[in-house]
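# Observations on the model geometry
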Amino acid sequence: MSPLVRAAGLRMAYGAREVLRGVDLDVHRGEVLALLGPNGAGKSTTMEILEGLRRRTSGTVEVLGRDPGDADDAWRGRVGVVLQSWRDHADWPVDALLRHVALYHDDPADPAELTARFGLTDFSDRRVRELSGGQRRRMDLALAVAGRPEALFLDEPTVGLDPRSRRAFHDAVRSIAAEGVAVLATTHDMAEAERIADRIAVLVAGRITFDGPGEELAAEHGTGSLEDAYLAHLDSREGIAP
Ligand SMILES: Nc1ncnc2c1ncn2[C@@H]1O[C@H](COP(=O)(O)OP(=O)(O)OP(=O)(O)O)[C@@H](O)[C@H]1O
């Protein structure tokens, strides 16, 4: 089965600074891939290129069979995105915004179902700017899946969420994947990666230095915890030319 999300030899430079030096990754239908890497490794840059929000320097990128760089509105409707920060629609009530967004999709999810699924029922007439950070994140996810996407990109989606909301968010991501969606999520939270991801990919110095199940990374470094294994992996890569 061909992957729904694929990057091969992806390179990206901001001016003279080369950030991505040949990134290879793929995400299949129904799979959650967690993209890990230190601050500044290029995770958001990778995500933005896959989302069609940023142009790459070179390499192959395919999402749902299209190059995101020249994709159209129909393609956008099949891709869900939760950005790191997004501050639009501050004056819209949650429910009205979900119903409005549904109008732009051919086969939208039921806004009332989304409100219930993401624990927004109690806040549905509240304006977006009146939501707490965690409530806002849940609304972001509801908006991202409003069009029943086939690929979903989550950039550090649970920063600032309390433990219960975080758990609910993880369960929601798993259930979205179980419906056949390919999910790519960045995170610095190893417990989160363990909980949601089928596979992890580690981005260091512009390349993927590990790609496989978390247990494999742990086994490679003889450690029980993913966090210890991840840190040992990063240590083993230190000194590799950035
Ligand atoms: N618009 C830009 N112009 C120039 N350099 C940029 C730009 N955006 C990001 N960078 C640089 O590219 C590198 C990768 O940034 P990116 O945001 O992709 O990293 P990240 O892995 O998502 O980091 P974090 O974990 O801190 O969110 C960093 O060195 C950053 O300073």
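Everything numeric in this text was worked out from a predicted model, so none of it was measured.

Let's shift gears to the packing of helix α5 (residues 133-144) against helix α6 (residues 163-178). Closest axis-to-axis distance for the α5/α6 pair is 11 Å, and the angle between their directions is 10°. Classified by the interaxial angle, the pair formed by α5 and α6 is roughly parallel. Judged by residue contacts, G134, R137, R138 and L141 of α5 engage S165, F169 and A172 from α6.

So, about the site of the ligand. Every residue lining the ligand is accounted for by Y14, V19, G37, N39, G40, A41, G42, K43, S44 and T45. If one sorts the elements of the shell around the ligand by residue count, helix α1 (residues 43-50) sits on top with three residues.

For the rest of this paragraph, the subject is the environment of A168. Locating A168 in the fold gives a position in helix α6. For A168, a count of 19 C-beta atoms within 10 Å puts it in the partly exposed group. As for A168 and R117, which are separated by 51 residues in sequence, their C-alpha atoms are 9.4 Å apart.

In terms of nonpolar packing, the biggest core is built from 68 residues, with A34, A142, V183 and L184 touching the most fellow members. In this structure, this core is formed jointly by two domains, domain 1 (5-78 + 150-237) and domain 2 (90-148), each of which donates at least three residues. Each residue touching A34, except ones within four places of it in the same chain, is listed here: A185, T187, A193, I196, A197 and I200.

On to the environment of D140. Looking at where D140 falls in the secondary structure, it is placed in helix α5. Taking C-alpha positions, D140 is 20 Å from D106, a pair spaced 34 residues apart along the chain.

Right, let's get into the domain arrangement of the protein chain. Taken domain by domain, the protein chain comprises domain 1 (5-78 + 150-237) and domain 2 (90-148). Relative placement of domain 1 and domain 2: their C-alpha centres are 24 Å apart. Across the boundary between the two partners, domain 1 contributes 12 residues, which contact 13 residues of domain 2. Among the elements that line the side of domain 1 that touches domain 2, the one with the most residues is α6, at five residues. A class-by-class count of the residues in the side of domain 1 that touches domain 2 yields seven nonpolar, four polar and one charged.

Time to look at helix α3 (residues 94-102). Within α3 the residues assigned to the buried category are V94, L97, L98 and V101. Seen from one end, α3 has its buried residues packed into an arc of 100°, which puts them on one side. Packed against the buried residues of α3 are α4 (111-117) and α5.

Quick look at the sheet that holds strand β1 (residues 5-14) now. Read from one edge to the other, the open sheet built from three strands follows the order β2-β1-β4, with strand pairing classed as antiparallel. Two strands close off the open sheet at either side, each with one partner strand: β2 (17-27) and β4 (58-63). The average angle at which neighbouring strand axes cross in this sheet is 25°, direction not considered. Note: β1 against β4, five bridges, orientation antiparallel. Within β4, the position partnered with A7 by the bridge is V61. Along the sheet face, α1 touches β1, β2 and β4 and points at about 120° away from the line of β1.

In this section: the pairing of strand β9 (residues 207-212). A regular strand carries its side chains on alternate faces of the sheet. Of the pairings in the sheet, the one linking strand β8 (residues 199-204) to β9 comprises five bridges and is antiparallel in character. Counted as the bridge partner of A201 is D211 from β9. Turn length for the β8-β9 hairpin, with the two strands adjacent in sequence and antiparallel, is two residues, and the turn residue A205 shows positive phi of about 50°.

An order of β5-β6-β7-β3-β8-β9 is seen for the six strands of this open sheet, with the pairing classed as mixed. The strands lining the two open edges of the sheet, one partner per strand, are β5 (79-82) and β9. Between one strand axis and the next, the sheet turns through 15° on average, direction left out of account. Packing of α1 onto the sheet brings it into contact with β3 (32-36), β6 (151-155), β7 (182-186) and β8, and relative to β7 it is tilted by some 150°. Contacts from helix α9 (residues 226-237) reach β3, β8 and β9 within the one sheet, and its direction differs from that of β8 by about 30°.

Calculation rules
Residues numbered from 1 in each chain as written. Predicted model: local features only at pLDDT ≥ 70, side-chain atom pairs only at ≥ 80, totals over all residues. Axes fitted to C-alpha atoms, helices over the stretch in contact; angles between N-to-C directions. Helix = DSSP H or I, 4+ residues; strand = E, 2+ residues; numbered from the N terminus. Parallel < 35°, antiparallel > 145°, perpendicular 65-115°, else oblique. Contact = placed C-beta atoms within 7 Å. Near = placed C-beta within 6 Å. Buried ≥ 20, exposed ≤ 12 C-beta atoms within 10 Å, placed from the backbone. Core = buried A, V, L, I, M, F, W, Y, C linked by C-beta atoms within 7 Å. Domains from an automatic or database assignment. Nonpolar A, V, L, I, M, F, W, Y, C, P; charged D, E, K, R; others polar. Arc of directions from axis to C-beta. Pairing = 2+ DSSP bridges.

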